[in-house]
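The lines below spell out each chain.
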Amino acid sequence: MTRVSRIAALASILIVTLSSPALAASAGQSCKSVGTTSTSLVKGKKTSLVCTKVGKSLKWKAAAAALPSAPVPVAPKITDEVSASDATLHSISVSGSSKRTYILHVPPTYSTATTVPLMIALHGRTWTASSFRELSQLDQVADSKNFIIAYPDGEGTMWNAGNCCSTIGTDDVTLISGMIDSITSKYNIDKTRVWVLGWSNGAMMAYRAACEISEKVTAIAVGAGTFAANSCKPTKAVSVIQIHGTADQTLSIDGTIWGPSPLTSAAKYAGYAGCSAASSSTWTCPNGSQIQVKIEDGVGHYAQTWWAEMTDYLFAHPRS
């Protein structure tokens, strides 16, 4: 090797050495410049070191391991289409689910300048969104109090509320959640007043929504229903108004195979939501929420007066 070649080779080795991090003997030894990095080889294992000020001295310390970043939640993909022949009829798909239909009623007094409540109204088993809309006359209540109502159709005219009544595993919670997201993206919704109102099997579904999407639902109205959810882990307490008639021949006031009595149902949800009993029929909850059960003597499985009364309660109990 010529003298010139030897000089070039030595220069290359010097450049590589200077560009590589120094190999420190161990953590705790002195170093010269804060923030410089190096490595320590202990029992064949390489550890990253950083020059850190310790008191008045500079010492090599093991570099803190980078914490794994939390996974970023993926927003559900929602496709919400309006019928060309009926502006109130919507078809929605959430995260690739099969299309489901719902009717949307917007009061004539609605203005984008003012936030309004949103109600998801759930029909009973064997009913439809259209028939419950017509029977309950909730549109008139919405028009007088200025809130938006969405009436979804249950798969096979029923809801998967847990112990009742769908047996096909339909994900109705995701449907309701997607509807709330979609409607909220298009209208000026008051997020302290997002309600699920239900009758019979729909009322059972309202309880399940309060258990599983309590971060979105602020209050529920339970008409002639029962707590049928198989599990319940609300992240926030949801206000509840539950009304049941003593003469109900469909869902007995004493409880059925699908769920317990009205008072026991409310007490179950109260326990999951961290609420405290204030009386035999009321509970106080975090976030300003409240649970109330009203028993109506001699009333059967349905009463037209419930809906306006329940709506008054819902308005009076926004989530703080």
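Conventions used here
Residues numbered from 1 in each chain as written. Predicted model: local features only at pLDDT ≥ 70, side-chain atom pairs only at ≥ 80, totals over all residues. Heavy atoms only, no water. Helix = DSSP H or I, 4+ residues; strand = E, 2+ residues; numbered from the N terminus. Buried < 20%, exposed > 50% of the residue type's maximum accessible area, 1.4 Å probe, protein only. Areas by Shrake-Rupley, 256 points an atom, 1.4 Å probe, with all protein chains shown as cover. Arc of directions from axis to C-beta. Contact = heavy atoms within 4.5 Å. Pairing = 2+ DSSP bridges. Axes fitted to C-alpha atoms, helices over the stretch in contact; angles between N-to-C directions. Phe/Tyr/Trp six-rings, centres within 6.5 Å; stacked < 30°, edge-to-face > 60°. Disulfide = S-S within 2.5 Å.

To continue, consider the overall build of the protein chain. A tally of regular secondary structure across the protein chain gives 7 helices and 15 strands. Counting the 320 residues in the protein chain, one finds 43% classified as buried. Total accessible area computed for the protein chain in this model is approximately 16,000 Å², and 57% of it derives from carbon and sulfur atoms.

A few words now on helix 2 (residues 129-136). Those residues of helix 2 lying buried are A129, F132 and S136. The buried side chains of helix 2 occupy one side of the element, clustering within an arc of 70 degrees when seen end-on. Along its buried surface, helix 2 packs onto strand 7 (100-105), strand 8 (116-122), helix 3 (138-145), strand 9 (148-152), strand 10 (189-199) and helix 7 (306-316). Q137 sits one or two positions beyond helix 2 and adopts a positive phi of about 55 degrees.

Attention shifts here to the pairing of strand 6 (residues 89-94). A large share of strand 6 lies buried, amounting to 5 of its 6 residues. Sheet topology note: the strand 5 (residues 78-82)/strand 6 ladder contains 5 bridges and is antiparallel. Bridging from a neighbouring strand, V82 pairs with H90 of strand 6. Linking strand 5 back to strand 6 in an antiparallel pair, the connection comprises 6 residues. Bridge count for strand 6 against strand 7 is 4 bridges, and the pairing is antiparallel. Directly across from I92, in strand 7, lies its bridge partner R100.

A few words now on the sheet that holds strand 7. Here we have 11 strands laid out as an open sheet, ordered 5-6-7-9-8-10-11-12-15-14-13, and mixed in their pairing. Strands with a single pairing partner mark the edges of an open sheet, and in this sheet they are strand 5 and strand 13 (276-277). As paired strands, strand 8 and strand 10 are joined by 6 bridges and run parallel to one another. By the bridge assignment, L122 is partnered in strand 10 with G198. Its contacts with the sheet put helix 7 on strand 8, strand 10, strand 11 (219-223), strand 12 (239-245) and strand 15 (290-296), and the angle it makes with strand 10 is roughly 150 degrees.

A word on the packing of aromatic side chains. Following the criterion strictly, the structure yields 14 aromatic pairs and no others. Both rings, one in W127 and one in W199, keep their centres 5.2 Å apart while their planes meet at 80 degrees; by these two values the pair is edge-to-face. Here W127 is found in the loop between strand 8 and helix 2, whereas its partner W199 is found in strand 10, with 72 residues between them in sequence. Accessibility expressed as a relative area gives 27% for W127, which makes it partly exposed. Each ring, one from F147 and one from W195, has its centre 5.5 Å from the other, and the planes form 65 degrees; the classification is edge-to-face. Here W195 lies in strand 10 and F147 lies in the loop between helix 3 and strand 9, a separation of 48 residues in the sequence.

Moving on, we get to the state of the cysteines. A full pass over the atoms with the stated rule returns 4 disulfides. There is a disulfide in this structure between C211 and C232, and the S-S distance comes to 2.1 Å. The sign of the -90 degrees torsion about the S-S bond sets the C211-C232 disulfide as left-handed. Taken as a pair, C211 in helix 5 (residues 201-212) and C232 in the loop between strand 11 and strand 12 lie far apart in primary sequence, 21 residues in all. Judged by its relative accessible area of 7%, C232 falls in the buried class. Across the protein chain, the way the bonded cysteines pair up, counted in sequence order, is 1-2, 3-4, 5-6, 7-8.

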